[in-house]
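Tertiary structure, described
Listed below, chain by chain, are the residues.
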Amino acid sequence: IEGFVGINVARFYFPRFKIFDYQVFSKVPEWRLFNATGAFNREWCFSAKELAVMQENADAFGALYPEPMIPTLMPQVYANAFPAGEKTVYTIYNARSTAVEGDLLRMKSDDGEHFVDLLRAEEISVKRAKGHAVVPIQLPPRTAAIMARLPRVAQVKWNKNNVVVRLPEGSEGFTGKLVSERGDVLSEFEPKDGKNRVPIPRGEHSALMLRILKNGRLVDASVHGAPGS
């Protein structure tokens, strides 16, 4: 239906309960991603890339204060917010029958944080003014996205053959993943204080995302276009 999204009210008002959706003809699989519910049957389960993003952000999706249907700047494009400390994860759904491009969200934000499209491996360029950020979106029709607002924990420099990562002192217990645009984990490492150099596999031509995690949960991410581009 043009402009309609199936919001799972119980999932947001009873967040201690874990909701699993069956796929029925009146629904679309993208709604599960938008609601961040469980996928019960095998035919309509999350892809490996979607599942990894949800697992790495279980602190947000499992938190007790989700915010359904937050205000957006774009009619018929909807958003839910899942705050988790300094991080907030947003699920977005374009309920139109056409693609959208433009400003979606306006929120308080400072230069100490940034915005990343976790499924499409893209850094989102926001417009800042007077302590606020306006966040744009590009989204095909009837498609969901997962966006994260993240603190700038790591200093990252992308080179042709490697990526250099610097973490603040006292960053014990952090792990890192270099992930392709397809969702394949290309390498995993344990970053130390100071400089960490992570090689980029030869022949890798997709966009890359460097994910920094603590206790298995995402705390920061950096995105780079296709190597050599």
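The following paragraphs examine the structure supplied in this document. (Residues numbered from 1 in each chain as written. Predicted model: local features only at pLDDT ≥ 70, side-chain atom pairs only at ≥ 80, totals over all residues. Heavy atoms only, no water.)

**Observations regarding the environment of Glu-30**
- Of note, Glu-30 is situated in helix α2 (residues 30-35).
- With relative accessibility at 24%, the residue Glu-30 sits in the partly exposed group.
- Separated by 112 residues in sequence, Glu-30 and Arg-142 place their C-alpha atoms 7.6 Å apart.
- For Glu-30, the residues in contact, after removing those within four places along its chain, are Tyr-93, Arg-142, Thr-143 and Ala-144. (Helix = DSSP H or I, 4+ residues; strand = E, 2+ residues; numbered from the N terminus. Buried < 20%, exposed > 50% of the residue type's maximum accessible area, 1.4 Å probe, protein only. Contact = heavy atoms within 4.5 Å.)

**Overview of the packing of aromatic side chains**
- One pass over the full model with this rule turns up four aromatic pairs.
- Judged by centre distance (5.8 Å) and plane angle (35 degrees), the ring pair of Phe-12 and Phe-82 falls under tilted. Here Phe-82 lies in strand β3 (residues 77-84) and Phe-12 lies in helix α1 (residues 9-13), a separation of 70 residues in the sequence.
- Judged by its relative accessible area of 0%, Phe-82 is buried. (Phe/Tyr/Trp six-rings, centres within 6.5 Å; stacked < 30°, edge-to-face > 60°.)

**Quick look at a nonpolar patch on the surface**
- A cluster of nonpolar side chains, Val-9, Tyr-13, Phe-14 and Phe-17, forms an exposed patch at the surface whose accessible area comes to about 500 Å².
- If you trace the backbone, Tyr-13 turns up in helix α1.
- Classification of Tyr-13 as exposed rests on a relative accessible area of 60%. (Patch = residues over 30% accessible without salt bridge, like charges linked within 9 Å, V, L, I, M, F, W, Y side chains within 5 Å. Areas by Shrake-Rupley, 256 points an atom, 1.4 Å probe, with all protein chains shown as cover. Salt bridge = Lys/Arg side-chain N within 4 Å of Asp/Glu carboxyl O.)

**Some points on a positive patch on the surface**
- A cluster of basic residues, Lys-157, Arg-166, Lys-195 and Arg-197, forms a positive patch at the surface.
- With respect to the helices and strands, Arg-166 occurs in strand β12 (residues 162-167).
- Overall, the relative accessible area of 38% leaves Arg-166 in the partly exposed class. (Lys, Arg positive; Asp, Glu negative; His and termini not counted. Charge placed at Lys NZ, Arg CZ, Asp CG, Glu CD.)

**What about the environment of Lys-192?**
- Within the secondary structure, Lys-192 is located in the loop between β14 (185-189) and β15 (194-199).
- For Lys-192, a relative accessible area of 51% corresponds to the exposed category.

**Some details on the pairing of strand β17 (residues 217-224)**
- For strand β16 (residues 208-214) and β17, the ladder comprises seven bridges, and the chain directions are antiparallel. Pairing of Met-209 across the sheet is with Val-223, part of β17.
- Between β16 and β17, which pair antiparallel in sequence order, lie two residues; one of them, Asn-215, sits at a positive phi of approximately 55 degrees. (Pairing = 2+ DSSP bridges.)

**Things to note about the pattern of salt bridges**
- According to the stated counting rule, one finds nine salt bridges in the structure shown.
- Between Glu-56 and Lys-177 there is a salt bridge; the shortest N-O distance is 3.0 Å. Here Lys-177 lies in strand β13 (residues 174-180) and Glu-56 lies in helix α3 (residues 48-56), a separation of 121 residues in the sequence.
- You can call Glu-56 buried: its relative accessible area is 4%.
- Through salt bridges that share partners, Glu-56, Lys-177 and Arg-211 make up one connected network.

**A short note on the sheet that holds strand β5 (residues 100-108)**
- Sheet architecture is open: three strands sit in the order β5-β9-β8, paired in antiparallel fashion. Looking along the sheet, the strands with just one partner apiece sit at the ends: β5 and β8 (127-129). The mean angle between the axes of side-by-side strands here comes to 20 degrees, regardless of whether they run parallel or antiparallel.
- Both β8 and strand β9 (residues 132-139) contribute to a ladder of three bridges, which runs antiparallel. Bridging from a neighbouring strand, Ala-129 pairs with His-132 of β9. (Axes fitted to C-alpha atoms, helices over the stretch in contact; angles between N-to-C directions.)

**Points about the environment of Leu-213**
- By the element assignment, Leu-213 lies in strand β16.
- Given the relative accessible area of 2%, Leu-213 is considered buried.
- Each C-alpha atom of the pair Leu-213 and Cys-45 lies 25 Å from the other, and the pair is 168 residues apart in sequence.
- The contacts of Leu-213, once residues within four sequence positions are left out, are Glu-56, Gly-173, Phe-174, Thr-175, Lys-177, Leu-218 and Val-219.

Taken by themselves, the reported measurements are silent on function.
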